[in-house]
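Understanding the architecture of this molecule
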Amino acid sequence: MAYVQMGNIYYFMYITIAILLTVLAVAFLKNKSQRFRHWFIFGLIMVAFSIHFLKILIYPYTTVEYIFTKVSFENICAVSTLVFPFLYFTKNKTLKDYMVMVGMASGMITFIFPVDAMSEYFNGEIIGYRTAFNLEVMRFYFAHFLLFLVPFLMMRYQMHELSIHRAYRAPLVLILVLVLIFVNELVMTLLHWVPKEDLYDPSKRNPSFIFGVRGDLTGLGLFLGVFVPAFMRVHPLTGASFFWPVIWLIIPAIVYGGLISLIFMFIYDYHETKLFFSKILGVRPKEDSEAEVID
């Protein structure tokens, strides 16, 4: 059977398709007006928004008893899909920064580590591996591709400007989003839409790793856990293995979120970022030095 696995032909097939679609989108919009581009991108946002809800009509979502749990603020990408229609029109630059950076980053990370496409788990239960051309796998890739494409096109056509002076804010917004996901799980549990015994169990429902990682800190968990103090992986009362909900992710979110923000700044705000670090390091920018020689 054809399954998506790290590094196999189907893994690279979806990456290749995403690159080709991105090139086609840029080519299509090249000679269009800015107004047309604006509404075209909003159309993509609404397609992603619609897919988020229409997925309840396909397997394995049709097996979920309380389906609202699967279209709520269930994880970082779900939050992005639900709030992008509003963030697209916001005048708040910090929220727009978050939309651009988290949208592009989460979209790319999904293609690099397509966990859900490769996993035998769904909604905390083992249902078996899905084939590479399973409808849900294709939906998964397309939905996350749109999360990348929308902010990519926004930056391509200068609909937003990133600033090194706001770079620290996006990781902080990300932490607030993780808190929102945690609150969402609490509400789902209080409504008895999610089994109470699943709460805090990383092997069950565990959106965006807010309750820790399955098993030991290997694979993706290693990248997250390397910055987590040991006491945050132990229950403060019983001493049993236990990840402090959300809190255990704060340092990784700041470290990796800050690194991702910095990469974006060097790409989209290179001059100001270079000047910013030159001042911090006490190094005079090369352009200024050459200007003095000319004078």
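For the structure given in this document, a descriptive report is provided here. Just so it is clear, the structure is predicted and the values come from calculations on it, not from any experiment.

Attention now goes to the overall build of the chain. A count of helices and strands for the chain gives 11 helices and two strands. The N-to-C order of helical and strand elements in the chain reads α-α-α-α-α-β-β-α-α-α-α-α-α. The C-alpha atoms of the chain give a radius of gyration of 21 Å, which matches the 19 Å a tight globule of 295 residues would have. Scored against the burial criterion, the 295 residues of the chain give a buried share of 45%. Contacts in the chain between residues at least 24 apart in sequence constitute 70% of all its contacts with a sequence separation of at least 6. Carbon and sulfur atoms make up 68% of the accessible area of the chain, which amounts to about 16000 Å² in all. Averaging the coordinates of the 23 positive side-chain charges in the chain and doing the same for the 20 negative ones gives two points 7 Å apart.

Before going further, it helps to examine the pattern of salt bridges. Per the counting criterion, the structure on display carries five salt bridges. The salt bridge partner of Asp97 is Arg166, with a shortest N-O separation of 2.7 Å. Taken together, the residues span a long stretch of sequence, with Asp97 in helix α4 (residues 93-112) and Arg166 in the loop between α6 (135-156) and α7 (169-190) at a distance of 69 residues. Using a relative accessible area of 1% as the deciding quantity, one classes Asp97 as buried.

A separate point is the packing of α7 against helix α9 (residues 250-268). Relative to each other, α7 and α9 sit at 140°, their axes nearing to 8 Å. Regarding the angle of α7 to α9, the classification is oblique. In this structure, α7 meets α9 at a crossing whose hand is right-handed. Of α9, the residues touching α7 (which contributes Ala170, Pro171, Leu174 and Ile175) are Ile250, Ala253, Ile254, Gly257, Gly258 and Ser261. Of the residues in the contact of α7 with α9, the class split is seven nonpolar, three polar and no charged.

Bringing the side chain of Ser261 into the picture now. By the element assignment, Ser261 lies in helix α9. A relative accessible area of 3% places Ser261 in the buried class. Ser261 has contacts with Met101, Ala167, Ala170 and Pro171, leaving out every residue within four places of it along the chain.

A separate point is α4. Its 20 residues give α4 an end-to-end C-alpha distance of 28 Å, which sits within 8% of 28 Å, the value for a rise of 1.5 Å per residue. A large share of α4 lies buried, amounting to 15 of its 20 residues. Taking the backbone nitrogen of Thr94 as reference, a side-chain oxygen 3.0 Å away marks Asn92 as the first, capping residue of α4.

With that out of the way, let us pick up the packing of aromatic side chains. What the rule picks out here adds up to 30 aromatic pairs. Taken together, the aromatic side chains of Tyr14, Phe111, Phe140 and Tyr141 make up a single cluster linked through ring pairs. Stacked on the ring of Phe36, the Lys or Arg Lys32 has its end atom at 5.8 Å from the ring centre. Just above the ring of Phe122 sits the side chain of Lys70; from NZ or CZ to the centre is 4.9 Å.

Our next topic: the side chain of Ser106. Along the chain, Ser106 falls in helix α4. A distance of 2.5 Å separates a polar side-chain atom of Ser106 from the backbone oxygen of Val102. Setting aside chain neighbours within four positions, we find Ser106 in contact with Cys77 and Leu147.

Right, let's talk about a nonpolar patch on the surface for a bit. On the surface, a nonpolar cluster with roughly 550 Å² of combined accessible area is contributed by Tyr66, Phe68, Val179, Val183, Val187, Leu191 and Trp193. By the element assignment, Phe68 lies in the loop between α2 (34-54) and α3 (76-87). Judged by relative accessible area, Phe68 falls into the partly exposed class, the value being 43%.

Reading guide: rules and limits
- Residues numbered from 1 in each chain as written.
- Predicted model: local features only at pLDDT ≥ 70, side-chain atom pairs only at ≥ 80, totals over all residues.
- Heavy atoms only, no water.
- Helix = DSSP H or I, 4+ residues; strand = E, 2+ residues; numbered from the N terminus.
- Rg over C-alpha atoms; globule rule 2.2 N^0.38 Å.
- Buried < 20%, exposed > 50% of the residue type's maximum accessible area, 1.4 Å probe, protein only.
- Contact = heavy atoms within 4.5 Å.
- Areas by Shrake-Rupley, 256 points an atom, 1.4 Å probe, with all protein chains shown as cover.
- Lys, Arg positive; Asp, Glu negative; His and termini not counted.
- Charge placed at Lys NZ, Arg CZ, Asp CG, Glu CD.
- Salt bridge = Lys/Arg side-chain N within 4 Å of Asp/Glu carboxyl O.
- Axes fitted to C-alpha atoms, helices over the stretch in contact; angles between N-to-C directions.
- Parallel < 35°, antiparallel > 145°, perpendicular 65-115°, else oblique.
- Left-handed = near helix turned anticlockwise from the far one by under 90°.
- Nonpolar A, V, L, I, M, F, W, Y, C, P; charged D, E, K, R; others polar.
- Expected span 1.5 Å × (residues − 1).
- Polar contact = N/O pair within 3.5 Å; in protein donor to acceptor, adjacent residues only side chain to side chain.
- Phe/Tyr/Trp six-rings, centres within 6.5 Å; stacked < 30°, edge-to-face > 60°.
- Lys NZ or Arg CZ within 6 Å of the ring centre and 35° of its normal.
- Patch = residues over 30% accessible without salt bridge, like charges linked within 9 Å, V, L, I, M, F, W, Y side chains within 5 Å.

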